[in-house]
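Coordinates in review
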Amino acid sequence: MPNTLYDVIVVGTGAGGGMAMKTLCEAGLKVCALNSGKRLDPVKDFKTHAQRYELTYRGFMDPKTRSRRHVCERETTQGIWEHDITFTVAPGSRWKWSRCQAVGGKSNFWGRSSARFGDIDFKAASLDGFDVDWPITEAEIGPYYSRVERMIGVASTVQNRPSNPDGEYLPPIKFRCLDHIFQQAANKLGILYLPDRCAQLTVPHNGHPACHYCGGCSSGCDSGSFFSPTWFTIPAAEKTGNLELRTDAHVKEVLVDEDGKAKGVSYIDRKTGQEVAVLAKAVVLAASCCETAKIMLNSKSRHWPTGIANSSGQLGRNLSDHLYGTPAYGYLPQLLGQPSRPDTVHESTVTWMPRWQNLANPREEKFIRGYSVYTNGGCKEFPSFHFQIEGFGSRFKRDIKRYYPTPFSFLIQAPSLPSKNNYIEIDPEVKDIFGIPVARFHFQWGSNELLMWEHCKQVCAELVKAAGGELWGAGDDPSAPGTSLHETGPCRFGNDPKKFVTNGFSQCHDVPNLFVCDASIFPFATDKTSTISIMAFTLRTCEYMVELFRRGSIDERKRRSKFE
Amino acid sequence: MGGQSTDRREVLRALSLAAAASQFSGFDRWAFASAKPHAGHAGSAPAKSSTTRYQPQFFSAEEYASLERLTEMIIPSDGTPGAKEAGVSEFIDFMVASDPEIQYRFRYGLGWLDTHARWLFGAGFRDLSEKQQNEMLEHLAYAQRYRPREEDGRAFFRLLREYAVMGYYTSRIGLEQLDYPGLQLVYDEMPGCPHQGDPEHKHLPPPKYKSLAVRNDA
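Let us look at the structure shown here. Within every chain, residues take consecutive numbers counted from 1 along the sequence as written. Starting at A for chains and at 1 for ligands, labels are handed out in the order in which the entities are written. Given that the model is predicted, a residue must reach a pLDDT of at least 70 before its local features are reported, and side-chain atom pairs must reach 80 or more before they are shown or counted; all residues, however, enter totals for whole chains, interfaces and linings. Each side-chain value is derived from all of the structure's non-hydrogen atoms; neither hydrogens nor water enter the calculation.

Attention shifts here to the overall build of chain A. Per the secondary structure count, chain A includes 12 helices and 17 strands. Using C-alpha atoms as the atom set, the radius of gyration is obtained and then compared with a globule rule of 2.2 Å times the number of residues to the power 0.38. The C-alpha atoms of chain A give 23 Å as radius of gyration, which agrees with the globular expectation for 564 residues (24 Å, within 12%). A principal-axis box enclosing the C-alpha atoms of chain A has dimensions of 75 × 55 × 50 Å. Buried, partly exposed and exposed residues are distinguished by accessible area as a fraction of the type maximum, computed with a 1.4 Å probe on protein chains only: under 20%, between the cut-offs, and over 50%, respectively. With 564 residues in all, chain A has 66% of them scored as buried. We call two residues in contact when some of their heavy atoms are within 4.5 Å. For chain A, the share of sequence-separated contacts (at least 6 apart) that also reach a separation of at least 24 residues comes to 72%. Computed with the Shrake-Rupley method and a 1.4 Å probe, the accessible areas treat only the protein chains shown as cover for residues. Here chain A displays about 19,000 Å² of accessible surface, and carbon together with sulfur accounts for 48% of that area. In chain A, the 67 positive side-chain charges and the 61 negative ones have mean positions that sit 2 Å from each other. Counting from the N terminus, the helices are the DSSP runs of H or I reaching at least four residues and the strands are the DSSP runs of E reaching at least two. When charges are counted, Lys and Arg are positive and Asp and Glu negative, with His and the chain ends excluded. Just so you know, the charge point we use is NZ for Lys, CZ for Arg, CG for Asp and CD for Glu.

Printed below as a string of structure tokens:
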């Protein structure tokens, strides 16, 4: 077995890796997939239905782990997040890096917002003059989005919005009381308040049962009622008999042949500490945005002294992220003392205010591009608003109950613009426990996204007023970079090999049999989340690979026009 | 679409069994009391025994007695269950024992309260009358009644109340007081807003406070 020559090695098993495995295996290619951690059985291992009183620390987690917790790590999912492989942050920078070791990755626990990117994102540079257009159009990628939507099931409505291409949707999740209140208010301000695109099954779909609304999504779904690789793409790939999935395989570098093309991958078996080489005709990196960049930067050879496929010098550059923050939070007096409602049993975003800025005129605001806003609120599990209420005793107890249906908060999702100051490199000194040099992050929020943040705070304060709500406050600062888990950019795609790492099919310009199937190809973060786009672009890339295999030209660089 | 209705039925059946099981009070691991050390309680908690007194892991017996009194004042048993029934002081003892970073703040805070009680009333906090205890806390809890030189006491009260809330509203008892909808594990659909024709929610029926009618404030 050590000498097996696979058709393709897929590094990573998340949204991109899972889709790559499925597409390639179903086309008859032999695939070896590598995952850095273990595999979980969703039925046995996910603590989907654990109530807080059943958890040792009641969901507040072991205080001794406080300083090293990841953003979406929960008491129910501790033990599968990466804490052993470290990274560094350059002086003056901030970065949080949540990596999930388990097979399926972060997509086991994701937020499920699934809006398509559109021409407003792809042609943003033509519209406002900043940076570069994407090597893709809405018309080209649309059919791939449709196929992904049909595969995974996305609940939403057709909205005819200029900033958001519509897709093919299951019935939407119903509005909560607070949504109706804020929708009325948003309409007064000329802002649309709409169902989000949510990859959650409101009806049975493709053999997957409908959501049972237990509210345990972020501990992983025990019934496969929202998309995760664990429930969807990986079982489909396994069914073909063409997949070999290796766990506890921490990838070190891409191996190259005498021509500098990819010939395989070397990884550390985390159980034995041994280094293992796997060989294949092509390699797909889908290790998650920054890990993929790190692996490529660490893949140094005679041919690639600064990292594989880095003749452009752009590998690791252009890191972009979503600025997250709470532009306003407070309560709705209309709902004081009302009976508790199941407002959070879906545990998803339900509604959002998709980008409304700079639509008619791309330079209308003080910032370019735009941001979106999500609404949270209603009867949550824990009354975290208790800080807002004074006192103790029976009155305090009654007030907690009285306010329980009323709190809300907004979440801004604002893309950072690519900047020469924001990038990943290899730390020249620090190595991980296996002796592999670690990633070093350089990142600060820039003025454009901070202007969006200020703008959003003002708009949300007006919105609260228009809704008859009371403002408790706003976040002083946006979250640390990396919090959103929506980073993009270090392997971005474009047609010019001098300026981009990958081409329009996410194929490395320099190394034709090396492909990238995660968010690292996207030129910037947009106002939308990236998971469904990772899947749509991966589907397109992998069908292109299948075509190259069919022609026997997987390691030849093809001009894009010849394929079309 | 169309789906596989048998699968769904199967899932729902399994879930309702799980839901029924989780209502069995023996599953409440926070009913632990007795000499069983914390390390062993996950998954193997002994049933609550009214004859064995809880042995604090971190607090001294005196501190723990104050803690019990204070949590019962913050979330009283007033016709509906309070901190006492929900085992809040046990939870706090467990969390503080697990958290070296807050141990000093709790120990110092309880010490401050006792010292301050002696200075004000000539006796430790536990030996004050209910009225005196209430008065002390009111000065720490209500902004209008804040007094100078009680900053440390107010900081401790905030910390203590936070932990009491954490303990109470994550217990089954506390979640039931909130009618927390997630105690039900299966909904056929997301129910959504029931107030058809009133999107601004300006005409809701007036709230009722049947179960929480008792007030302890002036």
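Counting through the fold element by element, A:Ser219 comes out in the loop between strand E4 (194-195) and helix H7 (233-239). Owing to a relative accessible area of 9%, A:Ser219 belongs among the buried residues under this scheme.

Another point: the pattern of salt bridges. All names here are of chain A. A carboxyl oxygen of Asp or Glu within 4 Å of a side-chain nitrogen of Lys or Arg is what we treat as a salt bridge. Enumeration over the complete set of coordinates arrives at 39 salt bridges over all chains. Residue Glu238 is joined to Arg39 by a salt bridge in which the shortest nitrogen-to-oxygen separation is 2.7 Å. In this pair, Glu238 sits in helix H7 while Arg39 sits in the loop between strand E2 (31-34) and helix H2 (42-45), placing the two residues 199 residues apart along the sequence. For Glu238, a relative accessible area of 36% gives the class partly exposed. Assessed through its relative accessible area of 37%, Arg39 is described here as partly exposed. For Lys252, the salt bridge identified is with Glu275, shortest N-O distance 3.2 Å. With Lys252 in strand E6 (residues 249-256) and Glu275 in strand E8 (residues 275-285), this pair connects stretches of sequence that are 23 residues apart.

Since one α-helical turn is 3.6 residues long, residues separated by three or four positions face the same way. All names here are of chain B. In a helix, the anticipated span is given by 1.5 Å times the number of residues less one. Between its terminal C-alpha atoms helix H6 (residues 130-141) stretches 16 Å, which fits the 16 Å expected from 12 residues at 1.5 Å a residue. Listed as buried for H6 are Gln133, Met136, Leu137, Glu138, His139, Leu140 and Ala141. In the core, the buried residues of H6 are packed alongside helix H2 (61-74), helix H5 (100-121) and helix H7 (151-168).

Here we take up the environment of A:Gly316. Among the structural elements, A:Gly316 can be located in the loop between helix H8 (289-298) and strand E9 (322-325). Considered as a pair, A:Gly316 and A:Ile433 are 117 residues apart in the sequence and their alpha carbons are 22 Å apart.

Moving on: the packing of aromatic side chains. Residue and element names in this part refer to chain A. Two rings belonging to Phe, Tyr or Trp (six-membered ring only in the last case) form a pair when the distance between their centres is within 6.5 Å. Interplanar angles under 30 degrees mark stacking, angles over 60 mark edge-to-face geometry, and anything in between is tilted. Counted under the stated rule, the structure contains 45 aromatic pairs over all chains. With a centroid separation of 5.5 Å and an interplanar angle of 80°, the aromatic rings of Phe87 and Trp97 are classed as edge-to-face. Of this pair, Phe87 sits in the loop between H2 and strand E3 (88-89) while Trp97 sits in the loop between E3 and helix H3 (119-122); the two residues are 10 residues apart in sequence, bridging distant segments of the chain. For Trp97, a relative accessible area of 3% corresponds to the buried category. Note on Phe117 and Phe522: the rings are 5.2 Å apart at their centroids and 85° apart in plane angle, and the pair reads as edge-to-face. Remark: Phe522 occurs in the loop between strand E17 (514-516) and helix H11 (531-551) and Phe117 occurs in the loop between E3 and H3; sequence separation between them is 405 residues. In this structure, Phe117 and Phe522 share a single accessibility class: buried. Clustering of aromatic rings is evident, with ring pairs tying together Phe117, Phe122, Trp134, Phe493, Phe522, Phe524 and Phe537.

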